[in-house]
Amino acid sequence: MTKSTIHIDIQLDKDKVAEEIHWVASDSAADMNQRAKAMMLSFWDGADKSALRIDLWTKDMMVDEMGDFFYQSLMAMAETYKRATRDSELMEEIRQFAGAFYTKFRKQQLEKNKA
């Protein structure tokens, strides 16, 4: 059996707010730490039938980056759902929601920038 490891380091300020996120995976082509401005990590607890999450973002994560991050995460979740269930119909609904979310997000950003 092969073992794979993902190591995540979070640098916090004095108020315990994330300043830097670095990660490295043993099976990654990149053999050095990768920097990230945000992360969402979910685990499924089969015994409790509940999702456990860790959501972090750094101080320098901009709102427009967060919108992009959520859009891309939702699109990835749609693809993962399809691969896991072979349910193309619900995958397409997730994708449509992601598109509607991103369209609304961009519209809000444009309106805020005009003000």
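Refer to the structure printed above.
Throughout what follows, the structure given in this document is the object of discussion. (Residues numbered from 1 in each chain as written. Predicted model: local features only at pLDDT ≥ 70, side-chain atom pairs only at ≥ 80, totals over all residues. Heavy atoms only, no water.)

**Concerning the overall build of the protein chain**
Assigned secondary structure in the protein chain consists of 2 helices and 5 strands. N-terminal to C-terminal, the α/β element order of the protein chain is β-β-β-β-β-α-α. At 17 Å, the protein chain has a C-alpha radius of gyration far larger than the 13 Å of a compact globule built from 115 residues. With respect to the three principal axes, the spread of C-alpha positions in the protein chain is 50 × 45 × 35 Å. Relative to its 115 residues, the protein chain shows a buried fraction of 16%. Expressed as a percentage of contacts within the protein chain between residues at least 6 apart in sequence, the contacts between residues at least 24 apart total 32%. Accessible surface for the protein chain amounts to roughly 9300 Å². Of this, 56% is attributable to carbon and sulfur atoms. Side chains of the protein chain give 17 positive and 20 negative charges; the mean places of these two sets differ by 3 Å. (Helix = DSSP H or I, 4+ residues; strand = E, 2+ residues; numbered from the N terminus. Rg over C-alpha atoms; globule rule 2.2 N^0.38 Å. Buried < 20%, exposed > 50% of the residue type's maximum accessible area, 1.4 Å probe, protein only. Contact = heavy atoms within 4.5 Å. Areas by Shrake-Rupley, 256 points an atom, 1.4 Å probe, with all protein chains shown as cover. Lys, Arg positive; Asp, Glu negative; His and termini not counted. Charge placed at Lys NZ, Arg CZ, Asp CG, Glu CD.)

**Some details on the pattern of salt bridges**
A complete count under the given rule lists 8 salt bridges for this structure. The residue Glu19 makes a salt bridge to Lys59 at a minimum N-O spacing of 3.3 Å. One end of the pair, Glu19, is in strand S2 (residues 18–25); the other, Lys59, is in the loop between strand S5 (50–57) and helix H1 (63–85), with 40 residues separating them in the sequence. Residue classification places Lys59 among the partly exposed residues on the basis of a relative accessible area of 49%. Salt-bridge contacts for Asp55 lead to Arg53; the nearest nitrogen and oxygen are separated by 2.5 Å. Accessibility expressed as a relative area gives 27% for Asp55, which makes it partly exposed. If you follow the salt bridges from partner to partner, you end up with Asp13, Glu19 and Lys59 in one network. (Salt bridge = Lys/Arg side-chain N within 4 Å of Asp/Glu carboxyl O.)

**Quick notes on the pairing of S5**
Relative to S5, strand S4 (residues 38–45) is paired through 8 bridges, and the arrangement is antiparallel. Among the inter-strand pairings, Met39 is bridged to a residue of S5, identified as Leu56. In this structure, the hairpin formed by S4 and S5 is closed by a connection of 4 residues, where Lys49 is found at a positive phi of approximately 55 degrees. (Pairing = 2+ DSSP bridges.)

**With respect to H1**
The end-to-end C-alpha separation of H1 is 33 Å, in line with the 33 Å expected for 23 residues at 1.5 Å each. All buried positions along H1 are accounted for by Gly67, Ser73, Leu74, Met75 and Ala78. Those residues of H1 that are buried are in contact with S4 and helix H2 (88–114). One or two residues past the end of H1 sits Arg86, with phi positive at roughly 65 degrees. (Expected span 1.5 Å × (residues − 1).)

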